[in-house]
Amino acid sequence: MTYAQFHQRSLTERDAFWTEQAALIDWQQPPQQVCDYSNPPFARWFVGGTTNLCHNAVDRHVAARGDQAALIAVSTETDTERVYTYAELQREVERMAASLKSLGVGKGDRVLIYMPMIAEAAFAMLACARIGALHTVVFGGFASGALASRIDDAEPVVIVSADGGSRGGKPVPYKPLLDAAISLAAHKPAAVLLVDRGLVSMNYTAGRDHRWSDLRQQHLDARVPCEWVDATHPSYTLYTSGTTGKPKGVQRDTGGYAVALAASMKHIFQGNPGETYFSTSDIGWVVGHSYIVYGPLIAGMATIVYEGLPTRPDAGIWWQLVEKYKVTRMFSAPTAVRVLKKQDPAYLSKYDLSSLKALYLAGEPLDEPTAQWISSALNVPIIDNYWQTESGWPILTLANGVQAQTSKFGSPGVAMYGYDVKLFDESTGEELKGPNQKGVVAIEGPLPPGCMQTVWRDDQRFVNTYWKSIPGKLVYSTFDWGIRDEDGYFFILGRTDDVINVAGHRLGTREIEESISSHPNVAEVAVVGVADNLKGQVAMAFVVPKDASALDGDAARLKLEGEIMKVVDGQLGAVARPSRVLIVNVLPKTRSGKLLRRALQAVCEGRDPGDLTTMDDPAALQQVRELVQPG
Ligand code: PRX
């Protein structure tokens with residue numbers, strides 16, 4: 001079967017197609033109905049089936065491969081390396097599950113996980129899945145303000161965290177940020193479970209804080225059976241940024257997600273049991289959920305959980321791991337490759353990389369020079385894949401497990417099976433069927449298994465945000481611009497909304513603006529994403545001060561810039577810190593007061609800002625131009 005036929009069949013014979021994919025996982029009760037789309041845009045997959053994500057990722061492999069590696073935890077920060085077999089992983093997950101239960105966690109409850117890249121983070125995720133609780137992982141790089149808003153939205157019964165992480169050999173405290181977040185939040189968790197790595201000293205709050213080492217010891221021999229849950233039972237929520245300042249809790253189901261990941265491991269990632277998968281992402285992001293933890297384990301592979309920089313102890317560390325653990329499939333982001341490209345190429349030829357079969361890159365546009373460089377350096381296919389937190393698995397890529405297809409530089413590939421991807425004119429809602437027409441990339445419902453079910457506790461927001469943005473059509477908008485060529489290959493041309501992508505990290509400019517606005521001397525602020533050679537994009541902030549009188553000299557301006565960056569660091573985390581904060585007298589706006597972000601972005605990138613006839617004060621852009629293009 002050609003891939004085109006495979007894709008076609010996934011849409012025209014949807015139920016038969018997904019019934020076949022559903023056989024890739026274990027069910028306690030088989031599904032009665034493949035897809036219930038009686039209440040669009042809400043899709044319910046594998047209705048009547050009962051299963052468990054942890055069973056599929058761990059337990060079902062124990063009999064056949066209990067002694068094989070399941071989780072390989074490597075930290076070049078603490079110089080530790082530990083291989084957990086499937087049997088050992090099962091026991092660790094049971095200890096964690098028993099500990100969570102002892103702290104009051106039950107089916108449907110939320111557990112917030114705020115952790116560095118250590119094995120216990122994966123144990124906690126799997127333990128939640130095991131007992132039917134929902135995990136909400138918050139990226140460890142987020143600070144207390146961002147954490148507090150997620151605590152309030154998720155209302156976790158328990159928070160699992162650690163004393164700290166480490167970056168470049170320096171300890172990064174987590175516990176004080178967590179304490180600050182809990183005191184900021186209106187919701188208070190019943191308990192906090194803390195992994196003490198001995199990196200940073202911790203203050204324990206009596207009655208609330210518990211040591212993982214103590215609870216683990218208490219539950220050393222615990223056996224906690226997997227809780228069979230409905231296929232539609234939510235497995236987790238994961239917050240992501242959108243147009244408004246308030247992050248959305250992307251909610252995912254259980255059965256559809258397990259099937260989607262199992263199918264993707266077969267058709268897209270071609271991972272086989274007993275092989276090793278290495279994804280360099282972080283468990284705080286969707287790639288970490290799908291392709292560090294669940295996908296590789298569902299496929300019976302060993303997965304590497306890596307804490308550390310790609311350049312420390314030297315730029316050969318990833319390749320050293322590939323050689324040592326005979327990695328077959330590797331997943332990373334273009335930014336990381338661009339970082340390595342600046343290093344001595346000898347690091348790549350130093351190791352035996354013959355086990356490696358493909359490198360998958362996602363999260364941001366893959367530029368041609370980067371793709372060319374890594375492709376010739378590794379001599380394996382480089383497979384770009386385009387998707388989103390919302391989708392959970394690739395929307396556009398090449399399903400080489402179905403039929404080998406040639407890649408085109410600059411394109412992440414073709415629509416994946418299950419996805420009816422279309423392009424629409426943003427203002428008229430007309431579908432653009434011809435080749436090479438630019439439009440909004442959208443997906444006709446139902447979204448395939450594995451995609452978001454809804455926005456956590458906000459069905460209306462799910463409908464209004466994603467399904468109402470193309471005039472007159474009930475289709476899911478990705479909020480990305482794209483074109484499709486005559487061969488069905490898509491090219492992604494950037495976001496249609498105010499989301500930016502810094503080093504593969506998705507950030508909402510509104511969230512950054514809200515944080516900056518809390519500085520007492522900020523009257524108005526605009527944050528835009530500006531093209532950057534290394535990070536893809538960086539955030540630039542333009543601030544109108546309340547009181548400009550004290551900002552005459554460069555020193556005073558730099559001081560304010562530094563203060564504002566500190567505010568962002570403290571509230572959101574360094575990951576959201578703008579690369580520059582520039583002080584201006586006025587922001588470019590239309591006469592009706594709408595901020596002209598695109599014009600601002602264009603000027604920062606040295607492009608023509610386009611039609612400015614609606615602009616209120618033409619001088620506004622002139623000042624920006626002088627600031628960003630000195631001389
Ligand atoms: O704008 C697209 C960009 O990243 C967004 C999704 O980010 P996130 O929710 O963090 O999920 C990342 C999952 C890999 C998209 O809307 N994006 C993602 N992959 C690509 C991409 N842009 C271009 N090419 C890609 N391969």
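None of the values given here were measured: they were computed from a predicted structure.

About the thresholds
- Residues numbered from 1 in each chain as written.
- Predicted model: local features only at pLDDT ≥ 70, side-chain atom pairs only at ≥ 80, totals over all residues.
- Heavy atoms only, no water.
- Helix = DSSP H or I, 4+ residues; strand = E, 2+ residues; numbered from the N terminus.
- Rg over C-alpha atoms; globule rule 2.2 N^0.38 Å.
- Buried < 20%, exposed > 50% of the residue type's maximum accessible area, 1.4 Å probe, protein only.
- Contact = heavy atoms within 4.5 Å.
- Lys, Arg positive; Asp, Glu negative; His and termini not counted.
- Charge placed at Lys NZ, Arg CZ, Asp CG, Glu CD.
- Near = heavy atom within 4 Å.
- Polar contact = N/O pair within 3.5 Å; in protein donor to acceptor, adjacent residues only side chain to side chain.
- Areas by Shrake-Rupley, 256 points an atom, 1.4 Å probe, with all protein chains shown as cover.
- Nonpolar A, V, L, I, M, F, W, Y, C, P; charged D, E, K, R; others polar.
- Pairing = 2+ DSSP bridges.
- Axes fitted to C-alpha atoms, helices over the stretch in contact; angles between N-to-C directions.

Below, the discussion takes up the overall build of the chain. Along the backbone of the chain there are 19 helices and 32 strands. Whereas a compact globule of 631 residues would reach a radius of gyration of roughly 25 Å, the chain reaches 24 Å, a difference of no more than 12%. Each principal axis of the C-alpha atoms in the chain carries an extent, and together these give about 70 × 60 × 55 Å. Classification of the 631 residues of the chain by burial places 60% in the buried group. The long-range fraction of contacts in the chain, counting pairs at least 24 apart against all pairs at least 6 apart in sequence, stands at 70%. The averaged location of the 70 negative side-chain charges in the chain is 2 Å from the averaged location of its 61 positive side-chain charges.

Once that is clear, we can look at the environment of glycine 482. Relative to the helices and strands, glycine 482 resides in strand 26 (residues 475–484). Note: C-alpha distance between glycine 482 and threonine 496 (14 residues apart in sequence) is 9.9 Å.

Moving on, we get to the site of the ligand. Residues in contact with the ligand amount to 17 residues; listed here are only the nearest, Asp384, Thr389, Asp480, Arg495 and Arg506. A distance of 2.5 Å separates an oxygen atom of the ligand from a polar side-chain atom of threonine 389. The contact in question runs from an oxygen atom of the ligand to an N or O atom on the side chain of asparagine 501, over 3.3 Å. When the ligand is considered free in solution it has 540 Å² of accessible area, and contact with the protein chains removes 95% of it. Grouping the amino acids of the shell around the ligand by side-chain chemistry returns seven nonpolar, five polar and five charged.

As a further point, take the sheet that holds strand 31 (residues 536–545). One open sheet accounts for three strands, arranged 30-31-32; its pairing is mixed. The two strands at the open ends of the sheet, each matched to only one other strand, are strand 30 (522–532) and strand 32 (580–583). On average, each strand axis in the sheet is inclined to that of its neighbour by 25°, with strand direction left out of account. Across four bridges, strand 31 lies against strand 32 in parallel orientation. Directly across from methionine 540, in strand 32, lies its bridge partner arginine 580. Lying over the sheet, helix 19 (residues 619–628) contacts strand 31 and strand 32, oriented at roughly 135° with respect to strand 32.

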